[in-house]
Amino acid sequence: MAGRVIVFGATGYTGRLVVESLLAAGVRPTVAGRDPARVRELAERHGLAAATADAARPKTVRALVDEGDVLVSTVGPFTRYGEPAVEAAVDAGAHYVDSTGEADFVRRVFTEFGPSAERKGCALLTAFGYDFVPGNLAGALALREAGDAARRVDIGYFVTGGGRMSSGTRATIAINAGRGAAHLLADRQIRLLPFARRVRSFPVDHHRHPAGLVGGTEPYTLPRIAPGLTDVGVYLGWFGPATHLMRLASYATPLLTRAPGVATALRRVGDRALARTGEGPDEQERARAGTLVVAVAADERDRELATVRLTGANPYDLTGRLIAWAAAALAAGRVQAGGALGPVDAFGLDELVRAAQDAGLHRE
């Protein structure tokens, strides 16, 4: 391998899953985090190199990487803690992968950091887990089958079997809640999609299930492989019949947080979740949960041309495996370009299909 792989946030819930997946693939990463004792314990358990770094001290994050390395960041919420890692990677000329699902941070990676990374020749792969690799894959497959007539693609994310969220996921939701709907949407979606299209239904288990519009990488990446697209929608179907209420709440929350104590209460919920970093569903809970992603490509008259359904492992295991695969591929020099990339333009559709299958994500 040409470069080292460094996992920043390795002692957190997602970070540990990434480390385990890297080890299973024969890659021995350097583990890094802000708590020296926890980092040392993890490193000694697996016989790995260790480093201490804290997003609150950006110079310590910059010291983690050199040119040609791969920096994996699982330190969230990314709108609060994510910037030092991506800045460090770009400054060093190192490749970068993260586990975010936050639209604001995704936007910044593509619009602010991407051009500098392209000049440096390093790749930035943001949101390279359950959010939002499966949708890129399903969308690309649907677009390939639909052909040149495709003008729109809608992608719905669902979780089967239920289960707990990790402490990091809970913290991200609480800390970002007061920002309302705007932080959920990529700026391209705000421009492209009318308000009425911000909730739609997808075929799930022989029924139509509602899902609400969220931000993803797909509005940035899929038009690169299908220039005729004018409409890219990414939807989250976690909340079932309550989807419409959740959408309304996302618009009302910024007003509510102006009331005395509400914003402070939300921050406290997020901070308490962050204090319990590393918590999440156990192995049995993860075994009961699964991923379902549906992509529908349509023409300019909204006639459906192709539908692709992907099913697989629970979101957390899937995220760990996909990030580990991407980090190993970057370290081996298998990326196709520099800058802020999507899964398809980084590695090619056929290789992405194979990697997804190895990670436990399959087409129905």
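Nothing here was measured: the structure is a model prediction, and the numbers come from that model.

A.B. asks: What is the right way to look at the overall build of the chain in this model?
C.D. replies: The helix and strand tally for the chain stands at 16 helices and 14 strands. If you take every contact in the chain between residues at least 6 apart in sequence, the share linking residues at least 24 apart comes to 74%.

A.B. asks: Would you take a moment to explain unusual backbone geometry for this structure?
C.D. replies: A negative phi angle is the norm for most residues apart from glycine, just as the trans form is the norm for most peptide bonds. A cis amide bond links Gly 76 to the next residue, Pro 77, at an omega of 0°. Tracing the backbone shows Pro 77 in the loop between β4 (70-73) and α4 (78-81). Residues Asp 131 and Phe 132 are joined by a peptide bond in cis, for which omega reads 5°. For Phe 132, the position within the fold is in the loop between β6 (123-125) and α7 (133-146). Here the phi dihedral of Ala 127 falls at roughly 55°; this positive angle occurs in a residue that is not glycine. Counting through the fold element by element, Ala 127 comes out in the loop between β6 and α7. Judged by its relative accessible area of 2%, Ala 127 falls in the buried class. Phi is positive for Asp 302, which is not a glycine, with a value near 65°. With a relative accessible area of 47%, Asp 302 lands in the partly exposed category.

A.B. asks: When you look at the confidence of the model for the chain in this model, what are you seeing that I'm missing?
C.D. replies: Interpreting fine coordinate detail is not advised for predicted regions of low pLDDT. Put simply, the chain has an average pLDDT of 86, and 79% of its residues get 70 or more. Below pLDDT 50 for its whole length, residues 248-257 participates in 16 contacts with residues either more than four positions away or in separate chains.

A.B. asks: Hey, could you run me through the environment of Asp 54 in this one?
C.D. replies: Looking at the secondary structure, you find Asp 54 in the loop between β3 (50-52) and α3 (58-62). Taking the C-alpha atoms as reference, Asp 54 lies 9.5 Å from Val 75; in sequence the two are 21 residues apart. Once residues lying within four places of it in the same chain are set aside, the contact partners of Asp 54 are Phe 8, Arg 34, Thr 60 and Val 61. Within polar-contact distance, the side chain of Asp 54 engages the backbone nitrogen of Ala 56 at 2.9 Å.

A.B. asks: I keep staring at the pattern of salt bridges and nothing clicks. Help me out?
C.D. replies: Two side chains carrying opposite charge are able to pair once their charged atoms lie near each other. Tallying each qualifying case throughout the model produces 16 salt bridges. As a salt-bridge pair, Arg 4 and Asp 69 come within 2.6 Å of each other at their nearest N and O atoms. Taken together, the residues span a long stretch of sequence, with Arg 4 in the segment before β1 (5-8) and Asp 69 in the loop between α3 and β4 at a distance of 65 residues. Residue Arg 4 is classed as partly exposed on the basis of its relative accessible area, which comes to 36%.

A.B. asks: Even after reading the chapter, I still don't get the sheet that holds β6, so can you show me in this structure?
C.D. replies: Strand pairing in a sheet takes place through backbone hydrogen bonds and is either antiparallel or parallel in direction. The strand order across the open sheet formed by seven strands is β3-β2-β1-β4-β5-β6-β13, and the pairing between neighbours is parallel. The open sheet has two edge strands with one neighbour each: β3 and β13 (339-340). Looking at chain direction, β1 and strand β2 (residues 30-33) are connected through three bridges and run parallel. The partner of Ile 6 across the bridge, within β2, is Thr 30. Strands β1, β4, β5 (95-98) and β6 of the sheet are contacted by helix α14 (residues 315-331), whose axis makes an angle of about 175° with β5.

Analysis parameters
- Residues numbered from 1 in each chain as written.
- Predicted model: local features only at pLDDT ≥ 70, side-chain atom pairs only at ≥ 80, totals over all residues.
- Heavy atoms only, no water.
- Helix = DSSP H or I, 4+ residues; strand = E, 2+ residues; numbered from the N terminus.
- Contact = heavy atoms within 4.5 Å.
- Buried < 20%, exposed > 50% of the residue type's maximum accessible area, 1.4 Å probe, protein only.
- pLDDT = per-residue confidence, 0-100.
- Polar contact = N/O pair within 3.5 Å; in protein donor to acceptor, adjacent residues only side chain to side chain.
- Salt bridge = Lys/Arg side-chain N within 4 Å of Asp/Glu carboxyl O.
- Pairing = 2+ DSSP bridges.
- Axes fitted to C-alpha atoms, helices over the stretch in contact; angles between N-to-C directions.

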